[in-house]
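Understanding the architecture of this molecule
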Amino acid sequence: MPAPVVSVIIAAKNAEDTIGGSLRGLVNQGFGKDELEVIVVDDGSDDDTAEVVTEFSDRLNLVEIRNAQSRGVSTARNTALKASTGRTITYLDADDWYAPGHLRSLTDAITGLGVDFVKTNYLIVNGFNRKLRRAPCAQHNTALNPRDHILPHDASTMVDFPECWTGIYSRAMADRGLLDFDPTLRTCEDRPWTWRHHLESDSFAVVDTAGLCYRKGSTTSLTAIFDERQLDFIPAFRSVFAMLETDPSLRRFEQKAVRNFLSILYFQIVNRGSSMSRTVREQLNLGAVNTLKNIGNDVIDLALTNYGERRLPVIEPIVRRAR
């Protein structure tokens, strides 16, 4: 039997209210049952997620994996990746869904363009409101060099568009280990993952579709959590900096990585800092300072070029401590 056209990986925890919609959307993607493989990792749910998933076993080529205890989204995705057999791989969160035919358009694009991965736009859904978020690349439907779309440091580029579910990836990337997530990261796991794609893969493309619907405001999302898990962006970016230190030709990207790091730091301070405990806020400040201590002052100065008068005063105290 030929391999499925695509494997869709879903890591789910306590998703009984939403995962049914995710799976119904997959039924309407225009694939034969053997062409589409859906792998759901139930990561320690204590609700009826497993029962909802099982209801779709007669409509989808479904692989169900259950963790008795939660092992985290990174490990759940890695487990599903090892079980996958599709010629291409993509990811879907258990509270998001596809418009009819969206996935077929992605598989046609990656096959037709012959690239390692394809990224696309998505819709942010908040109640009845819809907002389009576009991939920050104006060149569509053509093979591109991933390294060419990391810079400039002071503008939005493809490494600022890291969500794994905005893309579809070739089996060759999985075989090269480029789709494995760092299992120690509970949040921000897709940042070093995306940086590695742009540093190590050979080609990618952007296509102009918007059939992925991202549900904003879910109370079970880790983006709504304000504890120490949100600080995982610090080790995530330490791993990015480590990648750039392996080859002198990659040092030109350091200011972009620092700019990414400072932007997330600013977001955490302004949007989440007041909801963090004092201990977590202290860990945030100390972790940021210790990370920046290992970065050259010249690189930090370049990263702060055109940073903005409103944002600069927020992160300047941390930068001064790091110097």
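Refer to the preceding data block for the structure.
To start, this report covers the structure provided alongside it. Remember, predicted model here, so these are calculated numbers, not experimental data.

Some points on the pairing of strand E8 (residues 129–133)
Walk down a regular strand and you will see the side chains alternate between the two sheet faces. Pairing geometry for strand E7 (residues 122–126) and E8, over five bridges, is antiparallel. When the sheet's bridge partners are listed, Leu 123 is paired in E8 with Leu 132. Joining the antiparallel neighbours E7 and E8 is a turn of two residues, in which Gly 127 adopts a positive phi near 65 degrees.

Thoughts on the sheet that holds E8
The mixed open sheet is built from four strands, whose spatial order is E5-E11-E7-E8. Of all strands in the sheet, those bounded by a partner on one side alone are strand E5 (97–98) and E8. Where E7 and strand E11 (residues 212–215) come together, three bridges link them in parallel fashion. Bridged to Leu 123 within E11 is Cys 213.

Regarding the pairing of strand E1 (residues 6–12)
In terms of burial, E1 is largely enclosed, as six of its seven residues are buried. Bridge count for E1 against strand E2 (residues 36–43) is seven bridges, and the pairing is parallel. The residue bridging Ser 7 from the neighbouring strand is Glu 37, located in E2. In this view, the connection linking E1 to its parallel neighbour E2 by way of helix H1 (residues 19–27) has right-handed handedness. Bridge count for E1 against strand E4 (residues 88–91) is four bridges, and the pairing is parallel. Following the sheet pairing, Ile 9 is matched in E4 by Tyr 91.

Some details on a negative patch on the surface
On the surface, a cluster of negative charge is made up of Glu 16, Asp 17, Asp 48, Glu 51 and Glu 55. Mapped onto the elements of the fold, Glu 55 is located in the loop between helix H2 (49–54) and strand E3 (61–67). The class of Glu 55 is exposed, set by a relative accessible area of 52%.

Considering the nonpolar core
Formed by 60 residues in total, the largest nonpolar core has its most connected members in Ile 10, Ile 19, Leu 23, Leu 26 and Tyr 91. The contacts of Leu 26, once residues within four sequence positions are left out, are Val 8, Ile 10, Leu 36, Val 38, Leu 60, Leu 92, Tyr 98 and Leu 103. In this structure, Phe 237, Ala 257, Leu 292 and Ala 322 belong to the second largest nonpolar core, which totals 41 residues.

Comments concerning unusual backbone geometry
The linkage connecting Leu 151 with the following residue, Pro 152, adopts the cis geometry, with an omega of 10 degrees. Within the chain, Asn 141 stands out as a residue other than glycine whose phi angle is a positive 60 degrees. Checked against the element boundaries, Asn 141 lands in the loop between E8 and strand E9 (167–170). One non-glycine residue with positive phi stands out, namely Cys 188, at about 60 degrees. Structurally, the position occupied by Cys 188 is in the loop between helix H5 (171–175) and helix H6 (190–200).

Calculation notes
- Residues numbered from 1 in each chain as written.
- Predicted model: local features only at pLDDT ≥ 70, side-chain atom pairs only at ≥ 80, totals over all residues.
- Heavy atoms only, no water.
- Pairing = 2+ DSSP bridges.
- Helix = DSSP H or I, 4+ residues; strand = E, 2+ residues; numbered from the N terminus.
- Buried < 20%, exposed > 50% of the residue type's maximum accessible area, 1.4 Å probe, protein only.
- Right-handed = clockwise from strand over helix to strand, strands pointing away.
- Patch = residues over 30% accessible without salt bridge, like charges linked within 9 Å, V, L, I, M, F, W, Y side chains within 5 Å.
- Areas by Shrake-Rupley, 256 points an atom, 1.4 Å probe, with all protein chains shown as cover.
- Salt bridge = Lys/Arg side-chain N within 4 Å of Asp/Glu carboxyl O.
- Lys, Arg positive; Asp, Glu negative; His and termini not counted.
- Charge placed at Lys NZ, Arg CZ, Asp CG, Glu CD.
- Core = buried A, V, L, I, M, F, W, Y, C linked by side-chain atoms within 4.5 Å.
- Contact = heavy atoms within 4.5 Å.

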